[in-house]
Amino acid sequence: MKNLFILFLFCGVFQLTTVRAQGYNIRINVNSMAGKNVILANYFEGKVYACDTAKLDNQGNGFFRNNQKKLARGMYILLFSPSNYFDLIIGDNQHFSIKTDTTNYLQTMKFEGSPENTAFLDFQKFMTSQNQKMQVLRNEFEKNPDKGKEEIRKAYTDKFNLADHEVRKYVADLSKKYPGSALATFVNFTLSPETPDFSAQVPEGTKDRDMEIRRRAFYYTKAHFWDNTNLTDSMLIRTPVFKNKLDDYFQNWVVVHPDSLYRACVGVIEKAKPCKVMFRYLLNYCIVYTFDNKIMGMDEAFVKLGEHYYMSGQVDWLDKEQLKKITDEVIKRQYNLIGQKALDLKLPTLEGGWVSLLETKAPYTLLLFWEPNCGHCKKQVPLAKKEIYDRFSPYGLKVFAVNTHTDKKQWEEFIEKNELFDFINCWDPNKQSNYWTIYNVFSTPVMYILDKDKKIIAKNLAVEQMVDLLKNEYKKQGIEIKN
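Residues numbered from 1 in each chain as written. Predicted model: local features only at pLDDT ≥ 70, side-chain atom pairs only at ≥ 80, totals over all residues. Heavy atoms only, no water.

Colleague: Outline the sheet that holds strand E13 (residues 365–370), supporting the account with residue identities and numerical values.
Modeller: One open sheet accounts for five strands, arranged E15-E14-E13-E16-E17; its pairing is mixed. Edge positions in the open sheet fall to strand E15 (424–427) and strand E17 (456–459), since each of these has one partner strand only. Averaged over all pairs of adjacent strands, the angle between strand axes in this sheet comes to 20°, irrespective of strand direction. Looking at chain direction, E13 and strand E16 (residues 446–450) are connected through five bridges and run antiparallel. Bridged to Leu367 within E16 is Tyr448. The strands touched by helix H12 (residues 375–392) within the sheet are E13, strand E14 (398–403) and E16, with E13 carrying the most contacts at an inclination of about 170°. Sheet contacts for helix H15 (residues 463–476): E13, E16 and E17; angle to E16, the most-contacted strand, approximately 5°. (Pairing = 2+ DSSP bridges. Helix = DSSP H or I, 4+ residues; strand = E, 2+ residues; numbered from the N terminus. Axes fitted to C-alpha atoms, helices over the stretch in contact; angles between N-to-C directions. Contact = heavy atoms within 4.5 Å.)

Colleague: Which residues make up unusual backbone geometry, and what are the values?
Modeller: At the junction of Thr444 and Pro445, the peptide bond is cis and its omega measures out at 0° in the coordinates. Here Pro445 shows up in the loop between helix H14 (435–438) and E16. Positioned with a positive phi, Glu45 is a non-glycine residue whose angle comes to about 55°. If you trace the backbone, Glu45 turns up in the loop between strand E3 (37–44) and strand E4 (47–55). If you check the backbone angles, Lys431 has positive phi at about 55° while not being a glycine. Within the element layout of this structure, Lys431 appears in the loop between E15 and H14.

Colleague: Provide a residue-level description of H15, including the pertinent values.
Modeller: Taking 1.5 Å per residue, 14 residues should reach 20 Å; H15 reaches 20 Å between its end C-alpha atoms and fits that length. Listed in full, the buried residues belonging to H15 are Val463, Met466, Val467, Leu469, Leu470, Glu473 and Tyr474. Take H15 and look down its axis: the buried residues cluster within an arc of 165°, on one side only. Counted as exposed and oriented over 90 degrees from the buried face of H15: Glu464, Lys475 and Lys476. At its buried positions, H15 is contacted by E13, H12, E16 and E17. The positive-phi residue at the C-terminal boundary of H15 is Gly478, with phi of around 85°. (Expected span 1.5 Å × (residues − 1). Buried < 20%, exposed > 50% of the residue type's maximum accessible area, 1.4 Å probe, protein only. Arc of directions from axis to C-beta.)

Colleague: Break down the state of the cysteines for me, citing the residues and quoting the values.
Modeller: As enumerated under the stated definition, the model contains zero disulfides in all. Of all cysteine sulfurs in the structure, the one in Cys286 sits closest to Cys265, which takes part in no disulfide; the separation is 3.5 Å. Overall, Cys265 belongs to the buried group, its relative accessible area being 0%. Free of any disulfide, Cys426 has its nearest neighbouring cysteine sulfur in Cys377, separated by 14 Å. (Disulfide = S-S within 2.5 Å.)

Colleague: Explain a negative patch on the surface to me, using residue names and the numbers behind them.
Modeller: Together, Asp407, Glu412, Glu413 and Glu416 make up a negatively charged patch on the protein surface. Relative to the assigned elements, Glu413 resides in helix H13 (residues 408–418). Residue Glu413 is classed as partly exposed on the basis of its relative accessible area of 42%. (Patch = residues over 30% accessible without salt bridge, like charges linked within 9 Å, V, L, I, M, F, W, Y side chains within 5 Å. Areas by Shrake-Rupley, 256 points an atom, 1.4 Å probe, with all protein chains shown as cover. Salt bridge = Lys/Arg side-chain N within 4 Å of Asp/Glu carboxyl O. Lys, Arg positive; Asp, Glu negative; His and termini not counted. Charge placed at Lys NZ, Arg CZ, Asp CG, Glu CD.)

Colleague: Account for the nonpolar core, with residues named and values stated.
Modeller: Phe242, Tyr249, Phe250, Ile269, Leu282 and Leu305 are the most contacted members of the largest nonpolar core, which totals 67 residues. Looking at which element gives the most residues to this core, the answer is helix H9 (residues 276–292), with 12 residues. When neighbours within four sequence positions are excluded, Leu282 is seen to be in contact with Leu231, Phe242, Leu246, Val268, Ile269 and Ala272. One finds Leu397, Ile415, Met447 and Leu470 within the second-largest nonpolar core, a separate group that totals 33 residues. (Core = buried A, V, L, I, M, F, W, Y, C linked by side-chain atoms within 4.5 Å.)

If you want it as structure tokens, here you go:
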């Protein structure tokens, strides 16, 4: 499924971001590469993709050119060799020239007709200098024998803050000089939120003062994480760092809870809505991230995103078949989310009677879907009996076991062979209950744990994980399961 989403994304992003206009004409001179090829490539998802190739003549002259299509705004690279390349900005002006020596391109690179790239080159030199300065300060601090003293720490903190202020002023000046440019978008993006000094706000003597300072700094940074990011400029998609920042945000700053994850997704997606390309990219990122999330219960965020955007008509770039694949995945999950009350199943039993899931009285119920011919079931169902039923049935647990196969003889033989007589054994040979949609049973085995109110408290866990969960649930009730 992930590959399916990504396929949709690739088909869309490159179609939407190839802009028809005056085209581009980038002349290049590299004396040391006379007669060789130079590749122009763009960044995407941590990889680079070739856009054009310049064959240099005997004087090292060549060009990248297309008279009909402009390049999408973003950060591109001049690839001289696999280990020798240089970043440049492709903005609105795409008619300029480049001259460089690959042995020292940072110092010899010159642009004509592209003040934006000249400024970007100066920015790279400035940041190299600032990083060196910061490293010197860090080394000095680590070697200082008095680094544990408050006055020494403060002195170095002031130096670090001064260096940071210099960077922020440099970026502000660039943004003012090149407003609305791809350069302005990128250099601002490199800035982290400027966090206040919470140590001045938390009085000395406060209980767990250091923890409180860190807590405030965390929530401030989270709230201002995207302050310096222009989410309406799709040039960020074609940089080597944008996806890294998305990954950092969702993996390290968003609380592990489906509602928090959903709100975080909507927060970035809605900011990007004025730019269809960025809106599309971020929606795809979030739907894939929530779909692939392996933490139990997080699929609720996937369902909410699917309902809010894909099933409401806001996605107009997928064909009917592609949209159906996503909405079907939403439907498979919307009835069996963690915390929801299980929908009832009224099914015939092996003996010919009828049973109801919701009328099954038990402190915990293992809802098990299986079939006798399934290879995994042959291992997992006996294991579930041994590790779950045999351990917890003395404390009231029951197993509501739904056979998904239609051969009654094979069903009976499996029950007899594995001594599953104490399970509530039922089936749906006429396919009337729609259990496969309600409980997402498109392969077997599928297992859920329900509490006494038939609320779903676990799904998609291995048997040993369900054992641990049940032990913890019983422990909350004062029952210690030691076996």
